[in-house]
Amino acid sequence: MMRDKSLQPPLPRAESRIRVLHDDVTIDQYGWFSDQEHPDFQAYVEAENRYADEATSHLAGLKAELIAEIEGRQPCEGAPPAFRVGPFEYFQKSEAGQLHSKWWRRRVTGDAVELVFDPNELDGAQVFYRLGVFEPSDDGRYLAFSFDLIGNENYELRVREMETGRDVWQGSTRAVMAAWAADGHTIFFTRERPDLRRQCHQLIRLNVVTGECEVVFEEADERLNLGIRRSDSGGWLFLDVKGVRRGPTEVWCLPADQPGVAWRRLVAREFGYQVFTEHWQDQFLFHVDDAGPYWRLVRSPIDDPSPSGWEEVIPYRDGVMLEEVHVLEQHLVLLERDGLRPRLVSRDVSGRIGAVIVPDEDEPSCTLTVGLSAGGHYSAARHAFPGSILTYRISSFVRPDTVVEHDLADDKSAVLYQARIPGYDAAQYVATVVMAEAEDGVQIPISLVARRDRTSPGPILLNVYGCYGVSRWPSFFAWPSSMTERLSLLNRGVAFGIVHARGGGELGHPWHEAATRNRKRTTMTDLIAAAEGLVEQGFATREGIVIDGKSGGGGVVLASAALRPDLFRAVLAEVPLADILDTELDFTMPYARVETAEYGDPHIAHEYQYLRGYDPYYNLSSDRPLPPTYVDAALNDSQVLYYQPARYVAKRRSCAADRDPKLVFRVRMVGSHSCASHGSEVLEEPAFRMAWTLDQLRRSSS
């Protein structure tokens, strides 16, 4: 069914604002969108949502079909294993008729279960709810938990006394991370300074018995934030001062059983490198990039942690990424990655290599995480410190999340849990990694999955992020894989791929640095090279490539489509950073100042000119038609503010004589940067995007 030609996309009123900077003139007609309460803007949003519904009404049947398919793939039979803190095991359990799973606990000795936390009782959780931290004290007397009831990541922290079920402390919003001291009644937590939008952070010490609450550390450099954590041994607390999207540049420590003493600085920021610290035996371990971007591991006595006296434990190895260091009582465990493939390597106290855990050969790239957590936005992963049992989770395009318990003493594994997907047969699908040559000759890896019986070449959906040094790995449930959704595409002959473009962190810090500031266009040209390479190698048809990006990745796909509109059949831009130039010019915008390290500082003339050359918003014009595009936004988004994608859509409509009817824009009235937290929207949103994608691909072949 064709779109009703009588439908006309909305076009809001324009208020031109002229800016002259570095001898360049820009005109912004939609800056007034920043007033969310303005009746004209509200009317415009309603009109865009109405147009999206009407223009895609012919997809209602397909969307309903996709929703039913996604719903039918929800895991069944069992739940992920509980995680242990002190004498208790904590776990979630869903109940019929309840919007959110409740938290329960039981003693390790096997006593009856006890209700810990029911988010359904929170006023507002029926609209939106997301967990932040879930941190029980060592003895189980208290539980610290935080939650977001709007979608703006403003987490409220509370402390509950388990014996009475009473919240004995509440009052901090914008809470981030939390860690208990060993005394059982002192908790440290970090928060964004409450009176500013800038990224300035504080460390708070709270005595939940006396109610005494005080700031013990404040980071005034808005380019840095704070992270608080407990060592794997439980013996120490570490305060990490770090870049918003990089590792610690300064580390402070405190004995966990002495929460009232002064913090001691282990590594000063003048050292100039990223350092992660752990405690093992009678020493500190430092996971550090001072010898090169792939990291090494050193150690020092607790009383003398100076870098001048560090002793090397694991040397630097070019090309072998030392990603994480984990500690058990008698074992050191390293998460390494050689190319895209991860492995876990254990060493005993003498340094002798023990177990080497490598995913199966049919897992060319995957997600591997150590420990179990509550799954909240800031929840810490845990594994048992005493003994030799390591718990890890593995997930990929074809393998649903699997939790494995590995005994490092006898090198034997046992599966604790594997998600079971109704009707899913992994043998029907194949995952691989394909390399494509970038314009400068560098090989760009692409993680791909498709049905084994797919006819090649065929249509393909390519996802990209490529920003901030963040790695995106194939996973069954987590974004961007989301295979409970993507399987509906695969079963209709569409392949799915993640382009590991430069700007991301999949191949280490050099991979990120190769696409920052005056090299940021490299992320876009890598995506273009990946698409062309897949065509040349017979995986994709030239008329059947759809690109998909979210947040910073949404900016990447919009900019890439502007560079090569002929190459892409359609574009999915979810909550996209669509006006990069204006964002970096306005340091009151979320993350703007710190993101100048990624995109450059447009206050500097040559960096302005470079950014100006690919900015999606300021490169729209009437003589440059773009592929059909889906854009969305969320009114409560605290990362990409709603009016950033809205301005892009409005200007793009104004540039087209016909208002660009193939541009679809939807605004979430409830939800966050990620998505809705529950309810029908959780399934409706991905089903809508898939139905729209399949419709575009069908039109390309008709």
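Note that the structure is predicted; figures quoted are calculated from it, not measured. (Residues numbered from 1 in each chain as written. Predicted model: local features only at pLDDT ≥ 70, side-chain atom pairs only at ≥ 80, totals over all residues. Heavy atoms only, no water.)

(A) Structural view of the layout of surface pockets. By volume, the second largest pocket is sized at about 550 Å³. Arg223, Gly243, Arg246, Val594 and Ala597 are, among the 23 residues lining the second largest pocket, the residues nearest its centre. For the lining of the second largest pocket, the elements supplying multiple residues, two or more each, are helix 4 (509-513) and helix 8 (592-599). Here the residues of the lining of the second largest pocket sort into six nonpolar, seven polar and ten charged. (1 Å grid on protein atoms, 1.4 Å probe; cavity = no way out; pocket = protein on both sides within 12 Å on 5 of 7 lines; lining within 4 Å. Points joined across faces, edges and corners; volume = space filled by probe spheres on them. Helix = DSSP H or I, 4+ residues; strand = E, 2+ residues; numbered from the N terminus. Nonpolar A, V, L, I, M, F, W, Y, C, P; charged D, E, K, R; others polar.)

(B) Layout of unusual backbone geometry. Here the residue pair Ser456 and Pro457 is connected by a cis peptide bond, since its omega of -5° sits within 30 degrees of zero. Along the chain, Pro457 turns up in the loop between strand 32 (443-451) and strand 33 (458-464). At the junction of Trp479 and Pro480, the peptide bond is cis and its omega measures out at 10° in the coordinates. Of note, the phi angle at His22 is positive, near 55°, even though the residue is not glycine. Mapping His22 onto the fold places it in the loop between strand 1 (17-21) and strand 2 (24-28). With relative accessibility at 25%, the residue His22 sits in the partly exposed group. Positive phi, normally seen in glycine, also occurs at Val575, with a value near 35°. Structurally, the position occupied by Val575 is in the loop between strand 36 (570-574) and helix 7 (580-585). (Buried < 20%, exposed > 50% of the residue type's maximum accessible area, 1.4 Å probe, protein only.)

(C) Fine view of the pairing of strand 34 (residues 495-499). Counted residue by residue, strand 34 has five buried out of five residues, so it is predominantly covered. Judged by which residues are buried, strand 34 turns out to be covered on both faces: Ala495, Gly497 and Val499 on one side and Phe496 and Ile498 on the other are all buried. In the sheet, strand 32 pairs with strand 34 via four bridges, with the strands oriented antiparallel. Bridging across to strand 34, Ser447 finds its partner in Ile498. Relative to strand 34, strand 33 runs parallel, the two sharing five bridges. Its bridge partner being in strand 34, Ile460 is matched across the sheet by Ala495. Note on the crossover from strand 33 through helix 3 (residues 483-490) to strand 34: the handedness is right-handed. (Pairing = 2+ DSSP bridges. Right-handed = clockwise from strand over helix to strand, strands pointing away.)

(D) Spatial organisation of the sheet that holds strand 25 (residues 341-348). If you trace the four strands from one edge of the open sheet to the other, you get 23-24-25-26, paired in antiparallel fashion. Across the chains shown, the open sheet's two edge strands, defined by having one partner strand only, are strand 23 (320-327) and strand 26 (353-357). Recorded for the sheet is a direction-independent mean angle of 25° between the axes of neighbouring strands. The pairing of strand 23 with strand 24 (residues 331-338) spans seven bridges and is classified as antiparallel. (Axes fitted to C-alpha atoms, helices over the stretch in contact; angles between N-to-C directions.)

(E) Representation of the packing of aromatic side chains within the structure. Summed over all chains, the structure comprises 37 aromatic pairs. For the ring pair Phe276 and Trp295, a centre distance of 5.8 Å and an interplane angle of 50° mean the geometry is tilted. You can see Phe276 sitting in strand 19 (residues 275-280) and its partner Trp295 sitting in the loop between strand 20 (283-288) and strand 21 (296-301), a full 19 residues away along the chain. For Phe276, a relative accessible area of 35% puts it in the partly exposed group. (Phe/Tyr/Trp six-rings, centres within 6.5 Å; stacked < 30°, edge-to-face > 60°.)

(F) Here's a closer look at the sheet that holds strand 11 (residues 175-180). Here we have four strands laid out as an open sheet, ordered 11-12-13-14, and antiparallel in their pairing. Either end of the sheet is taken by a strand with one partner, and the two such strands are strand 11 and strand 14 (213-219). If you compare each strand with its neighbour and ignore which way they point, the axes differ by 20° on average. Relative to strand 12 (residues 186-192), strand 11 is paired through four bridges, and the arrangement is antiparallel.

(G) Seen up close, the pairing of strand 5 (residues 102-107). Across six bridges, strand 4 (residues 88-93) lies against strand 5 in antiparallel orientation. Bridge pairing in strand 5 links Phe91 to Trp104. As defined by bridge partners, strand 5 adjoins strand 6 (residues 114-117) across three bridges and the pair is classed as antiparallel. Residue pairing across strands places Trp104 opposite Leu115, the latter belonging to strand 6. In this structure, the hairpin formed by strand 5 and strand 6 is closed by a connection of six residues, where Gly110 is found at a positive phi of approximately 100°.

(H) Quick peek at the side chain of Arg158. In this fold, Arg158 is placed in strand 9 (residues 156-161). At 3.4 Å, the side chain of Arg158 forms a polar contact with the side chain of Asp167. For Arg158, the residues in contact, after removing those within four places along its chain, are Leu122, Leu143, Ala144, Phe145, Phe147, Asp167, Trp169 and Gln170. (Polar contact = N/O pair within 3.5 Å; in protein donor to acceptor, adjacent residues only side chain to side chain. Contact = heavy atoms within 4.5 Å.)

(I) Fine view of the packing of helix 1 (residues 39-55) against helix 10 (residues 643-655). Packing of helix 1 against helix 10 brings their axes to within 12 Å, and their N-to-C directions diverge by 75°. Classified by the angle between their axes, helix 1 and helix 10 sit roughly perpendicular to one another. Residues Phe41, Tyr44, Glu48 and Tyr51 of helix 1 form the contact with helix 10, whose own contacting residues are Ala646, Val649, Ala650 and Arg653. Tallied by class, the residues present in the contact of helix 1 with helix 10 amount to six nonpolar, no polar and two charged. (Parallel < 35°, antiparallel > 145°, perpendicular 65-115°, else oblique.)

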